[in-house]
Every structure is written in structure tokens, then in C-alpha cells.
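Listed below are the residues making up each chain.
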Amino acid sequence: MSKEKVVLAYSGGLDTSVILTWLKESYNCDVIAACINVGQEEDFDSVEKKAYETGAVKAYIVDVTNELVTDYIWPTLKAGAVYENDYLLGTSFARPLIAKELVKIAKAEGASAIAHGCTGKGNDQVRFESSIHALAPEIKIIAPWRIWDLKSREDCIAYAESHNIPISQTLKKIYSRDQNIWHISHEGGNLEDPWNEHMDDIHVMSSTPEQAPDKPTYVEITFDKGCPVALDGKDTDPVTLLTELNRIGGENGVGTIDIVENRLVGMKSRGVYETPGGTILFAAHRALEKLILDRDTMNFKNQVALKYAQLVYDGLWFTPLKDALDAFVDSTQENVTGKVKMKLYKGSAVPVATKSKYSLFNENFATFGEDDVYNQGDAEGFINLFSLPMKIRAINCKENGIPSKYTLD
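The structure presented is a predicted model; accordingly, all values stated were derived computationally and were not measured.

(A) Broad picture of unusual backbone geometry. Backbone geometry at Asn28 places phi at a positive 50°, although glycine is not the residue there. Structurally, Asn28 is set in the loop between helix 1 (14–27) and strand 2 (30–37). Although it is not a glycine, Asn85 adopts a positive phi angle of roughly 65°. By the secondary structure assignment, Asn85 is in the loop between helix 3 (65–79) and helix 4 (94–109).

Following this line, the structure appears as C-alpha cells:
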């Protein structure tokens, strides 16, 4: 009889290299390694070679970078979704796409299970498994970190050494990293003490502000219906555009945050995130919306953005509520077309100019100079009606002898 097949979400790093061997030993199964390319800097030929050398019966290298940008990053950007005011969701929105690819491979190979290297303390286990349950509820899930005897990354290093599994991690350099075209995250090591300032050598995608040029860099971004489509007037495909903004932003020290966040599983974690291009795009998109959207739409969209960010962070991408929020967001973006000029300087990314044919800014009305279109006397009636509840309250207190902390006698 043929062995049971298990698809492993494989990166070639410490955890998944150990898991591949452990799965074979523990389940006597055929392991199919699936490395999903979401834009991380990786030698994928080496990853594939290592998968076979470690014992995989088959290895997939699937490039979904373009799909990540157009179908996952751009919708999140249009929504303005930021988790806890800081985190631009780089790991979060990549997980449902990776899960979808794992399911496609599992179905193509006739595999009965999908395995992943997420720990029992992290968010990613929820994101992967919720997505898999939504897309293929019949597929079993194996999460070694929740069931094996290895308790730490140090244990994994020892296991790898005892099984002759080649790894690059050491006890001195033990950061847990996740990278895609949008960002790179760093956790673990000395970051586990929030009193420790992160070290400058942690940076991968960007320089520090101190290392950045002493003069500002300007970049012009064109948006069409909320999506970036051009840099400095040149039409650019999504992957190239984001890659170039990562380079420019990284050189100027833009987009590195060091935060303590609330994980879905109930604990706080500390991480350093580098998101140079994304930081620029969020600031530019927000500036363009301020030029174009009316106040009520912007205020309600801000509320939607909070819920959208929570859904993405919690791994609820494939849900009816997420679809409904996308429909609302897309409606708000119909006129978010125009240009934004960004000034980048030593870690800051500031919008300095905006332009759109859909702009609701009208100089004839907003000018501080003389104009013929706005009768300033009209403001008196507006103010009288706007403040009428406050005025009635004050009159009532005075006529009935009710103490008020607002009125002055």
C-alpha cells in the first residue's frame, strides 16, 4: 500500500527542516514540501534541493507574488487597515494565500493532511488553519509544535544537529523571521525582553535613519481607484512598483517599527517590522483620500478599517464579513484617483502635495483672500442652529437654578 501523503508548508529554515524529518519518523508518510514564494529573498533552487536532501518525495516552488500584491496587499491598502495603529499586516495577509496554495497542492497530490511549522503560541497557526478549514474542511492538519517533545528553537537546533540536517541558525543568531514582498518581521532572541533596544544589525530591507542620506528624496505616486499604478509618472506593474518603493524607502530609513502587540491567542509579543514601501503607500493613500472623500465617508471608513484590520490579523480572510467590507471599501475608492508627492527623509515619509480631478478642495471657497462665492455672514445662522442644544441647556439651568459646570456667572 502507498504511504499517506502530507503536504508541508516548507521554507527550508530551521523549523520546517526539522519538521520534514520528524513527520517521516513519526507518521511513516511521504512528505511533499511546498515552498510558496510571496516575494521573500530566497535561493529557491537551494530550498528545493534541500527539501529533497532532507527526504521530501516531491517539492513545489510556487510563485504567487503578483497575486499577493494585487489580491491581498492592495485591498488591505485601500481599506486603510492597520492593526493597533502600527502594524501593516505583512505576515497576516500572506497566510491565507499560502494556505490556499497548500490546499491546491494537497488536492492535486491526493494528500490527506497539511502540516505547518507554526508554534502553539502564535497567530499564524490560527491564520493557516482557519483558511484551510474554509477552503477544504476534509483535510487534516498536523501542527508539530503542539504535539512533539521539542520545546524551543534551541531544541530544534540540537535535533537538526543530531539528524545531520544543515541549518544556518545558531544559538547566538536565533531571530525568527518572516519575509515577503511587503515586509520582514523579526521576533525572538534579545527582542523577548522589551527593555532591550533592538540592535541596528537586525535590519534587512532598510537602513537606520542615522545611516540614511542627509538630503530628502521625493517620489510621486499615482493611484487609480485606490491602487498604486505609477511612480514618478511612469506606469509600473504592481510587483515592480512595490519593489522599487521598498528600495527607495529602505535607503531613507523609512518604515521600521518596534512594537509590542496583542496576539490573537491572548499574549503580548514584541517584534520589529520593516515595511519601507508599504509605509510610503499607506501615507500617500491616506493623503489622497483626505483630498477626495467627504467627511462622513472618511469617518465611517476609519471605523471599517479597524474591523478590517482585526479580521485580517485574526486569519478571517475567507469570510462573508470580509467580502462585505471589501464591497464597501471598493465603493469608497471609485474616485480615489490622483497623484501624491512624498518626501522621504531619515525615517519619515510625509505627503507634501496632492492632486486629483476628483478633489473636493476648492480654492474659491477655502481661500483666506477675497472671494465672491462664499458669504461669510451665512455662518451666523449655521452656528446658531449648530449650538442650539448647548444654548437651551444653559438657559434651562439658569432659569431653574440648576448648577452647571459650563455656565459662568
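That was the structure; now back to the text.
(B) Summary view of the nonpolar core. With 76 residues, the main nonpolar core has Leu281 and Met342 as its most contacted residues. Looking at which element gives the most residues to this core, the answer is helix 8 (residues 276–292), with nine residues. One finds Leu14, Leu20, Trp22 and Ile142 within the second-largest nonpolar core, a separate group that totals 29 residues.

(C) Structural detail: the pairing of strand 7 (residues 184–187). For strand 6 (residues 176–179) and strand 7, the ladder comprises four bridges, and the chain directions are antiparallel. Residue pairing for strand 7: Gln179 is matched across the bridge by Ile184. Between strand 6 and strand 7, which pair antiparallel one after the other, the connecting turn spans four residues. As paired elements, strand 7 and strand 12 (residues 268–274) share three bridges and run antiparallel to each other. Note that in strand 12 the partner of Ser185 across the bridge is Tyr273.

(D) Fine view of the sheet that holds strand 7. Ordered by their spatial adjacency, four strands build an open sheet running 6-7-12-11, and the pairing between neighbours is antiparallel. Every interior strand has two partners, whereas the edge strands, strand 6 and strand 11 (256–262), have only one. Geometrically, the sheet is characterised by an average inter-axis angle of 25° between neighbouring strands, direction not taken into account.

The rules behind the values
Residues numbered from 1 in each chain as written. Predicted model: local features only at pLDDT ≥ 70, side-chain atom pairs only at ≥ 80, totals over all residues. Heavy atoms only, no water. Helix = DSSP H or I, 4+ residues; strand = E, 2+ residues; numbered from the N terminus. Core = buried A, V, L, I, M, F, W, Y, C linked by side-chain atoms within 4.5 Å. Buried < 20%, exposed > 50% of the residue type's maximum accessible area, 1.4 Å probe, protein only. Pairing = 2+ DSSP bridges. Axes fitted to C-alpha atoms, helices over the stretch in contact; angles between N-to-C directions.

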